[in-house]
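Below are the chains, spelled out letter by letter.
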Amino acid sequence: MAKIDLHVHSKYSEHPSEWFLQRLGAGESYTDPEYIYREQKSRGMDFVTITDHNKIDGALILKSKYPDEVIVGVEATAYFPEDSCKIHVLIYGINEEQFCEIQKKRTNIYHLRDYIKEHNLAYSVAHATYSVNGKLTTDHLEKLILLFDVFEVINGGRNDFNNDSWLEIISSLNKTKIKELRKKHCIEPFGATPWIKGHTGGSDDHAGLFLGQTWTYCEAKTTDEVLEQIKAGKTTGNGRHNDFYSLVFAIYKIGIDHYKTKSKVISKSMLAQLTDFIFDKKKMSFTNRLKLQKLKNDSNKNADEEFKQRVTDLVAELQKDRTQTTDIRLQITFNRIADIADSFFKAVFQSLEKDLMNGNILKLIKNISSIFPGIFLSLPFFSSIHVMFKNRNIIKEAQSRFSIDKKKKQKRTLWFTDTITDLNGVAVTVLKVLEKIKEHEINAKVVHSEPSVGETDYLMQLDTIHKFSLPYYSTISINIPSSLKAIKKIYEFKPDNIIVSTPGPVGLIGLLAGKLFNIPVTGVYHTDFRNQAYAMYPDENLATLIENYCLWFYRNLDYIRVPSTAYMDVLENCGLDRSKMDLFPRGLDFNTFHPRKHSDLFLQNKYNVKSGFYFIYTGRVSKDKSLDVILSAFTELTRKYKDIYLFIVGDGPDKEEYKNQYSNKNIIYTGRIEREYLIDYYSGSDLFLFPSETDTFGMSLLEAQACGLPALVSNVGGPKEVIVNNETGYIIKENEAEKWKNKMEEMILKSPSDELRKMSDAAVTHVRDFANWESFIDIMFR
């Protein structure tokens, strides 16, 4: 089998299509044809070609020197005349006269196709799914299928999503589909069997970094035989796909090569030699080693010590082994750049935390400016991902038209959360989602940034660069992830579905990933952060700041799953688009939560209490839950009823304050109880109390109802939609201690009664219909 890299660029190529290189005034490539030949041969290529944009000078130079091994090629920029959409067509084995004709014909892709067919030229349509000038549509792809029979299915300058998706599409063709396309577009197919396509591969190398690492296999011993094999569609593409950081480094190298040609000073600078060292594996000069040592030992306090250390670490790591492949060296360099960017971000977040706590706003604003070097280092990598995936919607539409999406397995999902070990409804939901992902072997991962949780087949842990506790909420920690390293992990997972549970730093990474990878992002509105914050710390300015941020976050999502219609109304009134909202489905494990007999005896034995009427609240113990209402009401009731008890199950920032304020011996603060043990607390109690006005749903209420526990809930927020008023519990219209006391007393007087037993049975029946995990999985993952 012969190998040939059928897509290569040299310094003779026409001007670049990348805007960054255009702005620099740089060429598309600075690679010498002779270097291309040597590298290709050293990497196992049997034959060599150069396919410059609309030029054949470089190819002719090599052909004159190595006539038996070189094929003259060109990458012709062709246009659909109806809308000027650009398409790149690789054409091989041409002479100068044919090249001149190709230059004339390429202004109209239909004329170019006819010329290729008439003269029986070897060709391949390059990177068909890449929109060269932003005008590509799915209709263009359908027309290309009719116009041509040979396509580049692995392009070393494009990522595997683009390459593999196009291969899937053209491999799905059949006679019926071609007939439909022919009728739709009125284009005569190229050959006799247009549903069978030929495949080629090429590196599409512009910087000399990946020559011969993507190639075409064929049965050939001469250049003429190679051409015949291409025409016959008897070739296959093989080798590497591109990734986002390799694209950045390739463009960067072209930029450096450009400046080298403009200035001898730049070509001799340490930056240029460092570039050579990374890309060309050269040994650093003695002079620049001295400069580097000086940088490391510089005692200037204004210099960033960590930055200097990172640079010297990079050089030391690369010097260890200069035989490493380019891909490995680029991975090492990327990781070091990510570390440097993280050092800037970390310093800013440390300053933010300190200045916020001290109230030093002026210093806070000043220190925010120091984040810009980190942003500057990160932006090229973010931009390259955006470029790679900007045509995702076109590909997805094409997959739909060719029924590829119906054949594919379930979506690859990433579920982002800032809370996974905390005692709150979000963490409980996320952990249950994780359990179901494992149980149903769903192709998904929960993404978090908590080092104590780690990484598994279903968990993706993002590296944390800084961690701090929330002001006025010390029990909750916020982890700041490394953005570049996070994006790399997400890139490697190849998601096509993103769900975000929280608007914190990890949630922001999920939102960013959605924008970069052109993936719709679904956000789950779990928490009313504004009212929660105000309940804990009544500062209107802080509450407004939190509200504005959350509205910005949810406004940038593509879809919003909301736990209740009440909060859909709230969000709509705040200016969010109601058409993007839908209810967040819930699921509950009825093997864990169900009525259990004699659980009252468990409570009596564990807490040494008498038989009586047991009230219970479970959840976070904090002021935003309005626990003063039920604690005050219960305290009043104990003056009249001696054998009543209130179990406050959970932990939180205000537990000790409540214990001091309400030190009644009949109020039992149990602390945190693991979910699997809650069944005895629910089943052994008589009435669930949930006075919160800031909850969007109330997972603990769902659990209690599943255990047959009637409930009293507030009239504000989502919990009122979990119960059926007057059937599985009661809604208290006014959140005042007196109102709660009256209803609580009414329930004491009803116990035991057929009415309460009916309410208990109704609660179990309702929840089993209301919270179904199968429906949840279908909606969120399939």
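Draft legend 1. Just the overall build of the chain, in detail. A tally of helices and strands in the chain yields 33 helices and 24 strands. Taking all 782 residues of the chain together, the buried fraction comes to 56%. For the chain, long-range pairs separated by at least 24 residues make up 68% of all intrachain contacts whose partners lie at least 6 apart in sequence. If you sum the accessible surface of the chain, you get close to 34000 Å²; carbon and sulfur atoms cover 51% of it.

Draft legend 2. Main features of the side chain of Gln40. Within the secondary structure, Gln40 sits in helix α2 (residues 33-42). Judged by relative accessible area, Gln40 falls into the buried class, the value being 1%.

Draft legend 3. Highlighting the pairing of strand β20 (residues 644-649). Among the six residues that make up β20, six are buried, leaving the element largely enclosed by the rest of the structure. Of the strand pairs in this sheet, strand β19 (residues 613-618) and β20 are connected by six bridges, and their pairing is parallel. Opposite Tyr614, over in β20, you have Tyr645 as the bridge partner. Remark: the β19/helix α27 (residues 627-638)/β20 crossover connection has right-handed handedness. The sheet contact formed by β20 and strand β21 (residues 667-671) spans four bridges and is parallel. Bridge pairing links Phe647 to Ile668 in β21. Handedness of the crossover joining β20 and β21 through helix α28 (residues 655-661) is recorded here as right-handed.

Draft legend 4. Seen up close, unusual backbone geometry. The omega angle of the peptide bond from Ser751 to Pro752 is -15°, so this bond is cis rather than trans. Following the sequence through the fold, Pro752 ends up in the loop between α31 (737-750) and α32 (754-770). At His598, a residue that is not glycine, the phi angle is positive and equals roughly 65°. Among the structural elements, His598 can be located in the loop between β18 (581-583) and α26 (599-607).

Draft legend 5. Just the sheet that holds strand β23 (residues 711-714), in detail. Spatially, six strands are ordered β21-β20-β19-β22-β23-β24 in an open sheet, and the strand pairing comes out parallel. Two strands bound the open sheet, and with one partner strand each, they are β21 and β24 (729-732). In this sheet, adjacent strand axes meet at a mean angle of 20° when their direction is disregarded. Inspection of the sheet shows strand β22 (residues 687-690) paired to β23 by three bridges, in the parallel sense. Of the residues in β23, the one forming a bridge with Leu689 is Leu712. Strands in contact with α31 are β19, β20, β22, β23 and β24; relative to β24, the strand with the most contacts, it is inclined by about 160°.

Draft legend 6. Highlighting the packing of aromatic side chains. Overall, the coordinates contain 40 aromatic pairs when judged by the stated rule. Taken together, a centroid distance of 5.7 Å and an interplanar angle of 80° make the contact between Tyr614 and Phe647 edge-to-face. Residue Tyr614 is located in strand β19, and its partner Phe647 is located in strand β20; the two are separated by 33 residues in the primary sequence. Neither Tyr614 nor Phe647 differs from the other in exposure class; each is buried. Measuring from ring centre to ring centre gives 4.8 Å for Trp773 and Phe776, while their planes differ by 75°; the resulting arrangement is edge-to-face. Taken as a pair, Trp773 and Phe776 lie in helix α33 (residues 773-781) at a separation of three residues, close to a single helical turn.

Draft legend 7. The arrangement of the pattern of salt bridges in detail. Following the criterion strictly, the structure yields 43 salt bridges and no others. For Asp114, the salt bridge is made with Arg113, and the minimal N-O distance between the two is 3.2 Å. Residue Arg113 is classed as buried on the basis of its relative accessible area, which comes to 7%. For the salt bridge of Lys467 with Glu450, the shortest nitrogen-to-oxygen distance reads 3.8 Å. Within this pair, whereas Lys467 is found in strand β13 (residues 464-470), its partner Glu450 is found in the loop between β11 (444-448) and β12 (459-461), the two being separated by 17 residues in sequence.

Draft legend 8. Structural detail: the packing of helix α5 (residues 109-118) against helix α6 (residues 138-147). Orientation of α5 relative to α6, taken along the N-to-C sense of each, is 20°, at an axis distance of 11 Å. With respect to their mutual orientation, α5 and α6 come out roughly parallel. Of the two elements, α5 crosses α6, and the hand of that crossing is right-handed. Touching Ile109, Tyr110 and Arg113 of α5 are Lys143, Leu144, Leu146 and Leu147, all from α6.

Draft legend 9. Representation of the pairing of strand β4 (residues 85-92) in the model. With seven of eight residues buried, β4 is to be regarded as a mostly interior element. Judged from the eight bridges that link them, strand β3 (residues 70-80) and β4 form a sheet pairing that is antiparallel. Residue pairing in the sheet places Phe80 in a bridge with Cys85 of β4. Hairpin geometry of β3 and β4 is characterised by an intervening segment of four residues between the two adjacent antiparallel strands and by a positive phi of about 65° at Ser84. In the sheet, β4 pairs with strand β5 (residues 122-125) via four bridges, with the strands oriented antiparallel. Each bridged residue has a counterpart across the sheet, and for Leu90 the counterpart in β5 is Ser124.

Draft legend 10. Local environment of the sheet that holds strand β8 (residues 214-218). Ordered in space as β1-β8-β9, the three strands form an open sheet in which the pairing is antiparallel. A strand with exactly one partner marks an edge of an open sheet, and here the two such strands are β1 (2-4) and β9 (236-239). The average undirected angle you get between the axes of adjacent strands in this sheet is 35°. Of the pairings in the sheet, the one linking β1 to β8 comprises three bridges and is antiparallel in character. Of the residues in β8, the one forming a bridge with Ala2 is Cys218.

Draft legend 11. Geometry of the environment of Arg586. For Arg586, the position within the fold is in the loop between β18 and α26. Each C-alpha atom, one on Arg586 and one on Glu774, is 9.7 Å from the other, the two residues being 188 residues apart in sequence. Once you skip the residues sitting within four places of it in the chain, Arg586 turns out to touch Thr429, His526, Pro563, Phe697, Met699, Leu702, Phe770, Ala771, Asn772 and Phe776. A polar contact is formed between the side chain of Arg586 and the side chain of Thr429, at a distance of 3.1 Å.

Draft legend 12. Spotlight on the confidence of the model for the chain. Residue-level pLDDT values for the chain average 88, and 87% of them are 70 or greater. In the predicted structure, residues 299-303 sits below a pLDDT of 50 and forms two contacts with residues beyond four places in sequence or in another chain.

Draft legend 13. The side chain of Asp5, seen in detail. Looking at the secondary structure, you find Asp5 in the loop between β1 and α1 (19-24). At a separation of 3.2 Å, a polar atom in the side chain of Asp5 contacts the main-chain amide nitrogen of His7. Polar contacts involving the side chain of Asp5 include one to the side chain of Gln40, which spans 3.3 Å. Apart from the residues within four sequence positions on either side, Asp5 is in contact with Gln40, Met45, Thr49, Gly202, Ser203, Leu211, Gly212, Thr214 and Trp215.

Draft legend 14. The arrangement of the environment of Val724 in detail. On the secondary structure map, Val724 appears in the loop between β23 and β24. Using a relative accessible area of 25% as the deciding quantity, one classes Val724 as partly exposed. The sequence separation of Val724 and Met759 amounts to 35 residues, and the corresponding C-alpha distance is 9.7 Å. When neighbours within four sequence positions are excluded, Val724 is seen to be in contact with Gly729 and His766.

Definitions and cut-offs
Residues numbered from 1 in each chain as written. Predicted model: local features only at pLDDT ≥ 70, side-chain atom pairs only at ≥ 80, totals over all residues. Heavy atoms only, no water. Helix = DSSP H or I, 4+ residues; strand = E, 2+ residues; numbered from the N terminus. Buried < 20%, exposed > 50% of the residue type's maximum accessible area, 1.4 Å probe, protein only. Contact = heavy atoms within 4.5 Å. Areas by Shrake-Rupley, 256 points an atom, 1.4 Å probe, with all protein chains shown as cover. Pairing = 2+ DSSP bridges. Right-handed = clockwise from strand over helix to strand, strands pointing away. Axes fitted to C-alpha atoms, helices over the stretch in contact; angles between N-to-C directions. Phe/Tyr/Trp six-rings, centres within 6.5 Å; stacked < 30°, edge-to-face > 60°. Salt bridge = Lys/Arg side-chain N within 4 Å of Asp/Glu carboxyl O. Parallel < 35°, antiparallel > 145°, perpendicular 65-115°, else oblique. Left-handed = near helix turned anticlockwise from the far one by under 90°. Polar contact = N/O pair within 3.5 Å; in protein donor to acceptor, adjacent residues only side chain to side chain. pLDDT = per-residue confidence, 0-100.

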